[in-house]
Amino acid sequence: MSQKEIKIMQKILNVNDRIADDLRTEMSKKGIVYINLMSSPGSGKTKLLEKTAGAIRDKIFVIEGDIQTTLDAERLAAAGVGVYQINTGPFGGDCHLEAGWIRSALEEIELENVKYLFVENIGNLVCPAEFDVGAHINVVVLSVTEGEEKPLKYPLAFRNSQLCLISKTDLLPYLDIDLEMMKANMRKINPQIRIIELSAKSGQGIQDWLDFLAEYKT
Amino acid sequence: MHEGAIVKSLLDIANKSFTESELKEVNRVKVIIGKFHNIVNEVMEMHFDLMKKEIAGFEQAILEIEERDLIIQCRKCHKTTSLNDINFACSDCGSTDTELIHGNELYIASIEGTDNTK
């Protein structure tokens, strides 16, 4: 009996990455723009989606990720948005969505005439950034109340996103936040990141967000 | 919090290699993890120690984590910079057109164990 080492040298998440690549290809073929929204809890993702659905002419569909409850899905359904809820709570309470979850959800979803498919990822700036869900565009939402330093504390989410939406800008008059410092910190992590300041409440910046979506080609 | 899902994936790969091998049992699983991933080694080990008990041949295995520091390479002057604070700018020419060449690793490197055949 002797000691033996077997070399493997594989990406640990290679199965997830393969499913994600397949999903991206599939959505491209269907002409659907697929967007993954990531943020901390309470940054305003659901409100933004309500606002987006009300302002956009094209049909959208949302896959809603939460550990518990269907509250966000109910809000979106009330706004007339097609929505599918994934709760990870009964399955170990994962704090992020993986490509396999999305693939399973899509088997039950009718995407006819849908132009934009959104994943509202589970509220958490750490874990969702690690798992490619196959989206064309990763968007990180950071509200102005969260602090300038958050991009430095959660670099992967900002490095792996093409767009950052700085949300709740209607609150700026009441805060001491240094918005330029927040943006500079984002660019330290990801010099190419596009940044849009918006408020789903006041409507500021919403048109820039819609223009960004409209300009994207799959 | 995502360490559990990562450990599950790495054990799936390790177990596949183990079952295709002539090893009698696995006593070490080596992984390479870049510091960009916000992974807490102790949490990885905790999940590993829980999950290994469910996999025949892995009950005695230990997880060995090799960490990789963050290193960027400038696309303009090609100099490399080791990052202490996360700022993706070249320390030599200041360009932000850089590539992360180390620190983003998330690999299973190998499994090690006793070979039954000799």
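Quick caveat: nothing in here was measured; it's all calculated off a predicted structure.

Participant: Hey, could you run me through the overall build of chain B in this one?
Facilitator: Within chain B, the regular secondary structure consists of two helices and six strands. Relative to a compact globule of 118 residues, whose C-alpha radius of gyration would be 13 Å, chain B shows 18 Å and is clearly more extended. The C-alpha extent of chain B, read off along each of the three principal axes, is 55 × 35 × 15 Å. Out of the 118 residues in chain B, the part that is buried amounts to 48%. A separation threshold of at least 6 residues defines the contact pool for chain B, and within that pool the share at least 24 residues apart is 70%. Accessible area of chain B: about 6,000 Å², with a carbon and sulfur share of 45%.

Participant: What is the right way to look at the nonpolar core in this model?
Facilitator: Side chains of a nonpolar character, in soluble globular proteins, are inclined to be buried together. Formed by 29 residues in total, the largest nonpolar core has its most connected members in Leu10, Val29, Met44, Phe58, Ile108 and Ile111 of chain B. Those elements that provide at least two residues to this core are strand E1 (2–11) of chain A together with helix H1 (3–19), strand E1 (23–34), helix H2 (41–51), strand E2 (62–68) and strand E6 (106–115) of chain B. Per-element tally for this core: the top contributor is H1 of chain B, with eight residues. For Leu10 of chain B, the contacting residues outside a window of four places in its chain are Ile12 of chain A together with Val29, Val31, Met44, Phe48, Leu63 and Ile108 of chain B.

Participant: Which parts of the structure should I look at to understand the interface of chain B and chain A?
Facilitator: Many structure descriptions define interface size as the accessible area lost when the parts assemble. Every contact between the two is made by 38 residues of chain B and, on the other side, 31 residues of chain A. Taken as a group, His2, Phe36 and Tyr107 of chain B account for 16% of the area that chain B buries against chain A, more than any other trio of residues on that side. Taken together, chain B and chain A are joined by two salt bridges. The partner of Glu5 of chain A in a salt bridge is Lys30 of chain B, and the shortest N-O contact between them spans 3.3 Å. Connecting chain B to chain A are 15 residue pairs in polar contact (both at pLDDT 80 or more). For the side of chain B that touches chain A, the elements supplying multiple residues, two or more each, are H1, E1, strand E5 (98–102) and E6 of chain B. In terms of residue count, the dominant contributor to the side of chain B that touches chain A is E6 of chain B (ten residues). Relative to E6 of chain B, E1 of chain A is paired through eight bridges, and the arrangement is antiparallel. By the bridge assignment, Lys11 of chain A is partnered in E6 of chain B with Tyr107 of chain B.

Participant: What am I meant to see in the layout of surface pockets here?
Facilitator: The gaps of empty space that remain are located by a probe, the size of a water molecule, rolled over the atoms. Quantified by volume, the largest pocket comes out at close to 630 Å³. Every element with two or more residues in the lining of the largest pocket is listed here: helix H1 (14–30), strand E2 (33–39) and helix H6 (155–159) of chain A together with E6 of chain B. Among the residues making up the lining of the largest pocket, the classes are represented as ten nonpolar, nine polar and seven charged. The calculated volume of the second largest pocket comes to roughly 460 Å³. Among the secondary structure elements, those contributing two or more residues to the lining of the second largest pocket are H1 and helix H4 (99–106) of chain A together with H1 of chain B. If one sorts the elements of the lining of the second largest pocket by residue count, H1 of chain B sits on top with eight residues. Across the lining of the second largest pocket, the residue classes tally to nine nonpolar, seven polar and seven charged.

Participant: Just to check I follow, could you spell out the state of the cysteines for this structure?
Facilitator: Covalent bonding between the sulfur atoms of two cysteines defines a disulfide. For the structure shown, the criterion picks out zero disulfides over all chains. Of the cysteine sulfurs around Cys127 of chain A, a residue in no disulfide, the closest is that of Cys95 of chain A, at 3.0 Å. The closest cysteine sulfur to the non-disulfide-bonded Cys90 of chain B is located on Cys77 of chain B, 3.7 Å from its own sulfur.

Participant: Sorry, what's going on with the sheet that holds E6 of chain B here?
Facilitator: Strand pairs in the sheet, formed through backbone hydrogen bonds, run parallel or antiparallel to each other. In spatial order, the strands read E1(A)-E6(B)-E1(B)-E2(B); together these four strands make up an open sheet with mixed pairing. Lying at the two open borders of the sheet, with one neighbouring strand each, are E1 of chain A together with E2 of chain B. On average, each strand axis in the sheet is inclined to that of its neighbour by 20°, with strand direction left out of account. Along the sheet, H1 of chain B contacts E1 of chain A together with E1, E2 and E6 of chain B; its crossing angle with E6 of chain B, the most-contacted strand, is approximately 45°. Running over the sheet, H2 of chain B touches E1 and E2 of chain B and is turned about 155° from E2 of chain B.

Participant: When you look at the sheet that holds strand E8 (residues 194–197) of chain A in this model, what are you seeing that I'm missing?
Facilitator: Residues and elements named next belong to chain A. Pairing within the open sheet is parallel, and its seven strands lie in the order E4-E3-E5-E2-E6-E7-E8. Where the open sheet ends on each side, the last strands, each with one partner, are strand E4 (82–87) and E8. Across the sheet, the axes of successive neighbouring strands diverge by a mean angle of 20°, strand direction being ignored. Inspection of the sheet shows strand E3 (residues 59–66) paired to strand E5 (residues 114–120) by six bridges, in the parallel sense. Residue pairing in the sheet places Lys59 in a bridge with Val114 of E5. Along the sheet, helix H3 (residues 71–78) contacts E3, E4 and E5; its crossing angle with E3, the most-contacted strand, is approximately 165°.

Scoring rules and cut-offs
- Residues numbered from 1 in each chain as written.
- Chains lettered and ligands numbered in written order.
- Predicted model: local features only at pLDDT ≥ 70, side-chain atom pairs only at ≥ 80, totals over all residues.
- Heavy atoms only, no water.
- Helix = DSSP H or I, 4+ residues; strand = E, 2+ residues; numbered from the N terminus.
- Rg over C-alpha atoms; globule rule 2.2 N^0.38 Å.
- Buried < 20%, exposed > 50% of the residue type's maximum accessible area, 1.4 Å probe, protein only.
- Contact = heavy atoms within 4.5 Å.
- Areas by Shrake-Rupley, 256 points an atom, 1.4 Å probe, with all protein chains shown as cover.
- Core = buried A, V, L, I, M, F, W, Y, C linked by side-chain atoms within 4.5 Å.
- Buried area = accessible area lost by both parts, 1.4 Å probe.
- Salt bridge = Lys/Arg side-chain N within 4 Å of Asp/Glu carboxyl O.
- Polar contact = N/O pair within 3.5 Å; in protein donor to acceptor, adjacent residues only side chain to side chain.
- Pairing = 2+ DSSP bridges.
- 1 Å grid on protein atoms, 1.4 Å probe; cavity = no way out; pocket = protein on both sides within 12 Å on 5 of 7 lines; lining within 4 Å.
- Points joined across faces, edges and corners; volume = space filled by probe spheres on them.
- Nonpolar A, V, L, I, M, F, W, Y, C, P; charged D, E, K, R; others polar.
- Disulfide = S-S within 2.5 Å.
- Axes fitted to C-alpha atoms, helices over the stretch in contact; angles between N-to-C directions.

Taken by themselves, the reported measurements are silent on function.
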